[in-house]
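# Working through the structure, step by step
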Amino acid sequence: MSVTRQDAERLDAADPLASFRERFVLPAGVIYLDGNSLGALPRETARRVAEVVNGEWGQDLIKSWNLHGWIDLPRRVGAKIAHLVGAEPDELLVADSTSVNLFKLLAGALRLQKGRPVILSEANNFPTDLYIAQGLIELLGGGYELRTVPRDQVLEALDGRVAVLMLTQVDYRSGALWDLAAVTERAHAAGALVLWDLAHSAGALPVDLNGAGADLAVGCGYKYLNGGPGAPAFLFVARHLQEKLHTPLSGWLGHAAPFAFESEYRPGAGIYRFLCGTPPILSLAALECGVDLALQADLTQVRKKSLALGELFLDCVQAAVPEFALASPVDPQQRGSQVSLRHPEGFAIVQALIARGVIGDFRAPHVLRFGFAPLYTRYVDVWEAAAILAEIMATRAWNQPEYRVRRTVT
Ligand SMILES: Cc1ncc(COP(=O)(O)O)c(C=O)c1O
């Protein structure tokens, strides 16, 4: 390897984000490069969740909805996430899962864009995005169409039939990054709305939804926001669209007056209509800890470090193991916070890495994914991960039957 361990240590010593690492629980002997799938546990989370369980739920029971502001949590945490993605506090809400939020916003967008029957997306978009669009179209009973095209044909496929362009800003497999502002502008010029999936963007890089004139967005709480497994997701609706957009999931907490218990649905004001049922308070409390940490970091520094970590990893891997094909864009500026490699034995190689304490993940058919969460990943971790990968390849240590056993979650 051209880069030495000492080089990596020097980069860590000069890292302005270095002190964030101690605020996470990171098991000894593990190099965690999967924060793009499930972020690490912030130290504060266990204390805070115990406080909510024992002190609030345990002691104050149902009074806690008012006393401890539980009812405001979707809005409160949403306002904090808004700050991370360039939205106003009243444009973003924490609710449900990313999939459910996609359903709500897609349905609202189709209804608003009458006479335009097409949802346009990338053929390689994350499956849930496509599945939700397919399910919605089926529910609407004909007349609508999901048009999926290869990435390089998306912009030219924008025509007068497209109601909404649905894209994931950072591709989950390759890490390829869309230019939010440029794509939004092109879609608007064609009369389409854009629904952005920010699952791999929020907390990983600066996002400026309002600067881009964005319409709609969704995103995950459990990746770079470190909200915990199954953390609730978020949704963004630009202020000027909020009163025009209807949600098909007209639940009681999205009602204008939930505690009036009226029999007829009336949508709540602004973004609040996109709430549906009772929010998961324990999960929201955990998510808030992750979001609070992200808010303390300068996202420009986060982005800078994320790119540097990715480049260090690639430099080391490509010098030692030229047989890997790069499955991410070559230009780091065109990538999110991950680097993906392609290899026909990708699955077994990832299992061999995990057995040696390096946790990345595998995405079918051949992609090895390495996510770099700059708040807790050190340069030296990345250097060591690359060295272990090189050793696995040199010795063919991946070529063991136990590394071919596929479990439910890959
Ligand atoms: C781009 C993208 N969208 C959505 C999801 C998942 O959404 P949900 O929160 O509904 O599981 C993921 C999960 O990895 C994802 O990568």
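Presented here is a report on the structure given in the accompanying data block. All residue numbers refer to positions counted from 1 along the written sequence of the respective chain. Only residues with pLDDT of at least 70 get local features here, since the model is predicted, and only at 80 or more are side-chain atom pairs given and counted; chain-wide, interface and lining totals rely on the full set of residues. Side-chain numbers come from the whole structure's heavy atoms, not from hydrogens or water.

On to the overall build of the protein, then. Helix and strand assignments come from DSSP, with helices taken as H or I runs of at least 4 residues and strands as E runs of at least 2, each series counted from the N terminus. In terms of regular secondary structure, the protein is built from 12 helices and 15 strands. The C-alpha radius of gyration computed for the protein amounts to 22 Å, which stays within 12% of the reference 22 Å derived for 410 residues, consistent with globular compactness. Evaluated residue by residue, the protein yields a buried proportion of 54% over its 410 residues. Residue contacts are counted whenever heavy atoms from the two residues lie within 4.5 Å of one another. Once local pairs closer than 6 in sequence are excluded, the contacts in the protein between residues at least 24 apart make up 72%. Accessible area of the protein: about 17200 Å², with a carbon and sulfur share of 55%. As used throughout, the charge tally considers Lys and Arg to be positive and Asp and Glu to be negative, leaving His and the chain termini uncounted. Every charge is mapped onto a representative atom, which is NZ of Lys, CZ of Arg, CG of Asp or CD of Glu. The protein carries 38 positive and 44 negative side-chain charges, and their two centres are separated by 2 Å. Using C-alpha atoms as the atom set, the radius of gyration is obtained and then compared with a globule rule of 2.2 Å times the number of residues to the power 0.38. Per-residue accessibility, obtained with a 1.4 Å probe over protein chains only, is compared with the maximum for each type, and a residue is labelled buried under 20%, exposed over 50%, and partly exposed between these values. Shrake-Rupley sampling with a 1.4 Å probe provides the accessible areas, and residues are treated as covered by the protein chains on show and by no other component.

Here we come to the sheet that holds strand E8 (residues 193-197). Spatially, the seven strands line up as an open sheet ordered E4-E10-E9-E8-E7-E5-E6, and their pairing is mixed. Every interior strand has two partners, whereas the edge strands, strand E4 (92-94) and strand E6 (145-149), have only one. Geometrically, the sheet is characterised by an average inter-axis angle of 20 degrees between neighbouring strands, direction not taken into account. With axes taken as lines fitted to C-alpha atoms, and helix axes fitted only over the stretch in contact, angles between N-to-C directions fall between 0 and 180 degrees. Against the sheet, helix H5 (residues 98-112) touches strand E5 (118-122), strand E7 (162-168), E8, strand E9 (216-219) and strand E10 (234-237), its axis set at about 170 degrees to E9. DSSP bridges decide pairing: two strands pair if at least two such bridges lie between them.

Below, the discussion takes up the site of the ligand. Near the ligand you find Ser97, Thr98, Ser99, Phe126, Thr128, Asp129, Thr168, Asp197, Ala199, His200, Tyr222 and Lys223, and these make up its full shell. Here threonine 98 contributes a side-chain N or O atom positioned 3.0 Å from an oxygen atom of the ligand. In the analysis that follows, any N or O atom pair within 3.5 Å is treated as a polar contact, provided that within protein one partner can donate a hydrogen and the other can accept it, and provided that, for residues neighboring in sequence, both atoms belong to side chains. Within the side chain of serine 99, an N or O atom sits 2.5 Å from an oxygen atom of the ligand. For the ligand, whose unbound accessible area comes to 400 Å², protein coverage reaches 84%. Elements represented by at least two residues in the shell around the ligand include exactly H5 and helix H6 (127-140). Residue proximity to a molecule or strand is established when one non-hydrogen atom of the residue lies within 4 Å of it.

As a further point, take the packing of H5 against H6. Across the interface, H5 lies against H6 with an axial gap of 9 Å and an inter-helix angle of 50 degrees. What the angle tells us is that H5 and H6 run oblique. Here H5 runs over H6; the crossing is right-handed. Mapping the contact onto sequence places Ser99, Leu102, Phe103, Leu106, Ala107 and Leu110 in H5 and Thr128, Asp129, Ile132, Ala133, Leu136, Leu139 and Leu140 in H6. Asp, Glu, Lys and Arg are counted as charged, while Ala, Val, Leu, Ile, Met, Phe, Trp, Tyr, Cys and Pro are counted as nonpolar; the rest, among them Gly, fall into the polar class. Residues belonging to the contact of H5 with H6 are distributed by class as follows: 10 nonpolar, two polar and one charged. Oblique is the label for every angle not falling under 35 degrees (roughly parallel), over 145 degrees (roughly antiparallel), or within 65 to 115 degrees (roughly perpendicular). Working rule for handedness: look at the near helix, and if it is turned counterclockwise from the far one by less than a right angle, call the crossing left-handed; if clockwise, right-handed.

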